[in-house]
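A structural walkthrough
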Amino acid sequence: MELLTAVAGPSVWRGAQLDERDWAVAADCPVSELAELLWRGPGLAVVRGIGLDGLTDGECVRVARRYLAGLGTVRPEDPARPADSLVVAGAARDEAGLDLHTDRAMYPGPPRLLGLLCVRPAASGGESLLVSGHAVHDALLASRPRALAPLYADFHFGDGPDFARTYPVFRRRDGRLDVQYNRYWIGRGHAERGLPLTGAQLSALDAFEEVLAEPGLALRVPLRRGDLLLVDNMAVLHGRTAFTDPPEPEPEPGEGRCLVRVWAD
C-alpha cells in the first residue's frame, strides 16, 4: 500500500537524540535559516534572545507577528477572541500539563505554522514538550502497522459553526506527510456528532498515545523571556508540563506566565 511507507529524513527525530544546536538560533538569524529548520529540518526552531524590555504585552504580540510574517501569511487577529493571540495564565494557581496535540484554530482550519513567544515564564514548570509526528508515524509502521489504516481515515475534531473539523490524523499531500492530532477533540467531536468511535479507531488512537509516551521521544524545552518557539503545525505536536505561578491573591497585571500565540500559513 503506497500510504504505508516510512517518512524517514530529518523530520523524523527523537528528543533524546537532538542537541540544542539542532533547533536553537539567535534573534538575528536569517529567515532562510529558519525556513530550512522548519520545512526541511526537524520542523521546529527556537529563536533566542528577542528584545522585549519596556514592551507591553500587546506590543509583544506585534513583535511575534513580525517574525512570523517572514515565514508565511500571518492570520489576522480576531478582536472577539483576544486569547487567540495572548495566552495569559490568569488567576494564580497550579496549572496541569497540556497534552501533546496540533492546533485546530478557527476558519479556515489548522494553520501551517505556530509561533509561541515567551513574554513571561511561569514561576516554575511550564516547559514546552515537542514530538515529531513523523517519528510517531514511522514507529507505528515498524511496530503496529495495523493502526495506520484507521489513522489515514477521517476523524471529527469537534463540531459546531466554529470548529467543525473533519480530516485524518495522517494524510499524504504534495509529497509530504501531514499530521493532525488532538485526542481530546477527536473524542469530543465524535460525541457531539453522535458517532461513537469504532473499536478499530480507538485501538489506533491508543497505539498513537502509546508511542507518544515512549521514553526519549519528546523534546523538552524551557522557554525563557524573549524566546520564540516556531513549530510546523502539520508535522510536530506540542504540549506543556504543569506549572506554578505566584500564590493567591491573583498576580498583578504584568505578572504571571504569559505567551504570545501567532498562527501563519
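Residues numbered from 1 in each chain as written. Predicted model: local features only at pLDDT ≥ 70, side-chain atom pairs only at ≥ 80, totals over all residues. Heavy atoms only, no water.

**With respect to the packing of aromatic side chains**
Each aromatic ring pair is characterised by the separation of its centres together with the angle its planes make. On inspection of all chains with the given rule, the structure shows five aromatic pairs. Consider the rings of Tyr181 and Phe208, whose centres lie 3.9 Å apart with planes at 15 degrees: the pair is stacked. Of this pair, Tyr181 sits in the loop between β12 (176–179) and α5 (183–193) while Phe208 sits in helix α6 (residues 199–212); the two residues are 27 residues apart in sequence, bridging distant segments of the chain. Tyr181 gets classed as buried once you look at its relative accessible area, which sits at 0%. In this structure Phe208 comes out as buried when scored by relative accessible area, which is 0%. Joined through ring pairs, the aromatic side chains of Tyr152, Phe170, Tyr181 and Phe208 make up one cluster. The lysine or arginine in question, Arg104, covers the ring of Trp185, its NZ or CZ lying 3.7 Å from the ring centre. Sitting over the ring of Phe243, Arg257 keeps its end group 4.8 Å from the ring centre. (Phe/Tyr/Trp six-rings, centres within 6.5 Å; stacked < 30°, edge-to-face > 60°. Helix = DSSP H or I, 4+ residues; strand = E, 2+ residues; numbered from the N terminus. Buried < 20%, exposed > 50% of the residue type's maximum accessible area, 1.4 Å probe, protein only. Lys NZ or Arg CZ within 6 Å of the ring centre and 35° of its normal.)

**Re the state of the cysteines**
Taken as a whole and assessed by the stated rule, the structure comprises zero disulfides. The cysteine Cys118 is free of any disulfide, with Cys258 supplying the nearest cysteine sulfur at 8.3 Å. (Disulfide = S-S within 2.5 Å.)

**Brief notes about unusual backbone geometry**
Even without being a glycine, Ala8 presents a positive backbone phi close to 60 degrees. The topology assignment puts Ala8 in the segment before β1 (24–26). Residues other than glycine seldom take positive phi values, yet Asp174 does so here, at roughly 55 degrees. Here Asp174 is to be found in the loop between β11 (170–173) and β12. Residue Asp174 is classed as exposed on the basis of its relative accessible area, which comes to 83%.

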